[in-house]
Amino acid sequence: MTLETKNIFKTAAVYTGTVLGAGFASGKELVSFFVCHGMPGVFGMLLSGVFFSLIGFCVLKIVYEQKITNYHDFSVYIFGGRLGVLSEWLVCAFLLVLFSAMISAGGEMSHTVFKISRLKGEIILSLLCFITFLFQLDGFVDINTLLAPILVIGGIFTGIYIYICPPEAAETFKPLLSDFLHTKNFVSSSLIYVSYNIITAVTVLVSLNSLISSKRVSVFGGTLGGVCVCLLGISMSLPLFSQYNGIRSAQMPILNIVLNYRVLKYIYVIILLSAIFTTALANGFSLIQNFEKKKGGKLFIKIFLTLWGIAAAQIGFSAFIEHVYPFFGIIGLFEGIMIIRAAIRKA
């Protein structure tokens, strides 16, 4: 395998690992943004895959051509001086929210699966993140390269297996009016879902300059990442459609289903833990990169972030997805439009 090919897979792995957080792997995001629309939600997931591939390619293309190494330079290039700085601070605020959401998800899963307190689970995950932060970019890339294939292959297997061998009789899909409170149709759902996810993805991708060794890496790395997200999303949505009424209000819908299986639940726990860990790392790493540039890379930044994640996680995982994510989706949508505009302008 050539160095270029390795870089393509590493880039796609980091992109995939960043997007596939706890909300995705647990099924909560899939239910909130796609499954609630019935089978048209599948088209929404396909549309999301196209958007992810397009945005990924555009970001990496700009990074490669402009030799960008950090989000500050990227945002200034995309938005200009003042608006770029404002965007940078808004993104930092969202990254803090997302990092806390992943820590909260780790506590929720620890309580559900391992029967330990949520706080203990949150502390353990925060400490694992802190240790990885100490290894800088190399540690972050290596973790994603290792765990992303587990996420994709294991997630696709889990979704298809549950769909073919359901634990109980499938329920009829009956969407309620409240399901459309935040997302009016599958097109707007796709846009909002991609929008808030690319906020984190962009901050991570712009730090991968050392991997983007050619334009081919930018094209295939971004596209492959989007395809992986799409395939995994469709596979994991299949069992959620048939059992919608039973899991629509669950904190972690797929986890509720797989607990009915003897072996599959252990496979899924590994998948979910990987998703939570990689996304928490992505958000934390992006924040650290940004603040180290401004403050000189002091250790207290990593310590502060770790403690912040534990404290803010007490808000609750479901509350983050239902109330905070859609708001930042609007910001992400604007950023996505500007990214595509900049990529086309320099084509």
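Residues numbered from 1 in each chain as written. Predicted model: local features only at pLDDT ≥ 70, side-chain atom pairs only at ≥ 80, totals over all residues. Heavy atoms only, no water.

Engineer: Got a minute to help me understand the side chain of Ser110 in this structure?
Structural biologist: Checked against the element boundaries, Ser110 lands in helix α6 (residues 81-114). Only 2.7 Å separates the side chain of Ser110 from the backbone oxygen of Gly106, close enough to count as a polar contact. The contact partners of Ser110, leaving out residues within four places of it in the chain, are Lys115, Ile116 and Gly121. (Helix = DSSP H or I, 4+ residues; strand = E, 2+ residues; numbered from the N terminus. Polar contact = N/O pair within 3.5 Å; in protein donor to acceptor, adjacent residues only side chain to side chain. Contact = heavy atoms within 4.5 Å.)

Engineer: Even after reading the chapter, I still don't get the packing of helix α7 (residues 118-133) against helix α14 (residues 299-312), so can you show me in this structure?
Structural biologist: The geometry of a pair of packed helices is captured by two quantities: the angle between their axes and the separation between those axes. Contact geometry of α7 with α14 gives a least axis separation of 9 Å together with a crossing angle of 160°. It follows from the interaxial angle that α7 and α14 lie roughly antiparallel. Like other packed secondary-structure pairs, α7 and α14 cross with a definite hand, here right-handed. For the pair formed by α7 and α14, the contact residues are Leu119, Glu122, Ile123, Ser126, Leu127, Phe130 and Phe133 on the first element and Leu299, Lys302, Ile303, Leu305, Thr306 and Ile310 on the second. Of the residues contributing to the contact of α7 with α14, the split by class is 9 nonpolar, 2 polar and 2 charged. (Axes fitted to C-alpha atoms, helices over the stretch in contact; angles between N-to-C directions. Parallel < 35°, antiparallel > 145°, perpendicular 65-115°, else oblique. Left-handed = near helix turned anticlockwise from the far one by under 90°. Nonpolar A, V, L, I, M, F, W, Y, C, P; charged D, E, K, R; others polar.)

Engineer: Help me understand α14, please; the structure alone is not making it clear to me.
Structural biologist: For the α-helix, the turn length of 3.6 residues means that residues three or four positions removed from each other point alike. The end-to-end C-alpha separation of α14 is 20 Å, in line with the 20 Å expected for 14 residues at 1.5 Å each. Taken together, the buried positions of α14 are Ile301, Lys302, Leu305, Thr306, Gly309, Ile310 and Ala312. (Expected span 1.5 Å × (residues − 1). Buried < 20%, exposed > 50% of the residue type's maximum accessible area, 1.4 Å probe, protein only.)

Engineer: Even after reading the chapter, I still don't get the packing of helix α4 (residues 40-66) against helix α5 (residues 71-79), so can you show me in this structure?
Structural biologist: It is at 12 Å that the axes of α4 and α5 come closest, and there the two elements cross at 105°. In terms of orientation, α4 and α5 fall into the roughly perpendicular class. Along the contact surface, α4 presents Val59, Ile62 and Gln66, while α5 presents Phe74, Tyr77 and Ile78. Tallied by class, the residues present in the contact of α4 with α5 amount to 5 nonpolar, 1 polar and no charged.

Engineer: Explain α7 here, please?
Structural biologist: Under the 1.5 Å per step criterion, the end-to-end length of α7 is 23 Å for 16 residues, consistent within 8% with the ideal 22 Å. Along α7, the residues that are buried comprise Gly121, Glu122, Leu125, Ser126, Cys129, Phe130, Thr132 and Phe133.

Engineer: How do you make sense of the environment of Lys10 when you look at a structure like this?
Structural biologist: For Lys10, the position within the fold is in helix α1 (residues 3-19). A residue is classified by how much of its surface remains accessible, and Lys10, at 28% relative accessible area, is partly exposed. The contact partners of Lys10, leaving out residues within four places of it in the chain, are Val141, Thr145 and Leu211.

Engineer: Explanation requested: the packing of aromatic side chains in the structure shown.
Structural biologist: When we look at a pair of aromatic rings, we describe it by the centre distance and by the angle of the planes. Taken as a whole and judged by the stated rule, the model has 10 aromatic pairs. The interplanar angle of 25° and the centroid separation of 5.6 Å between the aromatic rings of Phe79 and Phe334 together place this pair among those described as stacked. Here Phe79 is found in helix α5, whereas its partner Phe334 is found in helix α15 (residues 317-345), with 255 residues between them in sequence. Since its relative accessible area comes to 13%, Phe79 is described here as buried. For Phe334, a relative accessible area of 42% puts it in the partly exposed group. Three or more aromatic residues joined by ring pairs form one cluster here, namely Tyr15, Phe33, Phe34, Phe52 and Tyr193. It is Lys67 that lies over the ring of Tyr64; its NZ or CZ is 4.5 Å from the centre. (Phe/Tyr/Trp six-rings, centres within 6.5 Å; stacked < 30°, edge-to-face > 60°. Lys NZ or Arg CZ within 6 Å of the ring centre and 35° of its normal.)

Engineer: Whenever I open this one, the nonpolar core confuses me. Can you help?
Structural biologist: General note: in soluble globular proteins, nonpolar side chains tend to be found buried as a group. Phe24, Val59, Phe74 and Tyr193 are the most contacted members of the largest nonpolar core, which has 96 residues in total. Among the elements that line this core, the one with the most residues is helix α13 (residues 264-295), at 14 residues. Setting aside chain neighbours within four positions, we find Val59 in contact with Phe74, Val202, Leu205, Val206 and Ile339. (Core = buried A, V, L, I, M, F, W, Y, C linked by side-chain atoms within 4.5 Å.)

Engineer: Would you mind going over the pattern of salt bridges with me for this structure?
Structural biologist: Pairing between side chains of opposite charge can happen when the charged atoms of each approach one another. Counted according to the given criterion, the structure contains 2 salt bridges. With a closest N to O distance of 2.9 Å, Glu4 and Arg216 form a salt bridge. Linking Glu4 in helix α1 with Arg216 in helix α10 (residues 215-242), this pair joins segments that are 212 residues apart in sequence. When its relative accessible area of 25% is taken as the criterion, Glu4 is described as partly exposed. (Salt bridge = Lys/Arg side-chain N within 4 Å of Asp/Glu carboxyl O.)

Engineer: How should a nonpolar patch on the surface be read in this particular structure?
Structural biologist: Taken together, Ile124, Leu128, Ile131, Leu134, Phe135, Leu299, Ile303 and Leu307 make up a surface patch of nonpolar side chains, about 770 Å² in accessible area. Mapped onto the nonpolar patch, the elements with two or more residues apiece are α7 and α14. With respect to the helices, strands and loops of the structure, Leu299 is situated in helix α14. Taking the relative accessible area as the measure of exposure, Leu299 reaches 48% and is therefore partly exposed. (Patch = residues over 30% accessible without salt bridge, like charges linked within 9 Å, V, L, I, M, F, W, Y side chains within 5 Å. Areas by Shrake-Rupley, 256 points an atom, 1.4 Å probe, with all protein chains shown as cover.)

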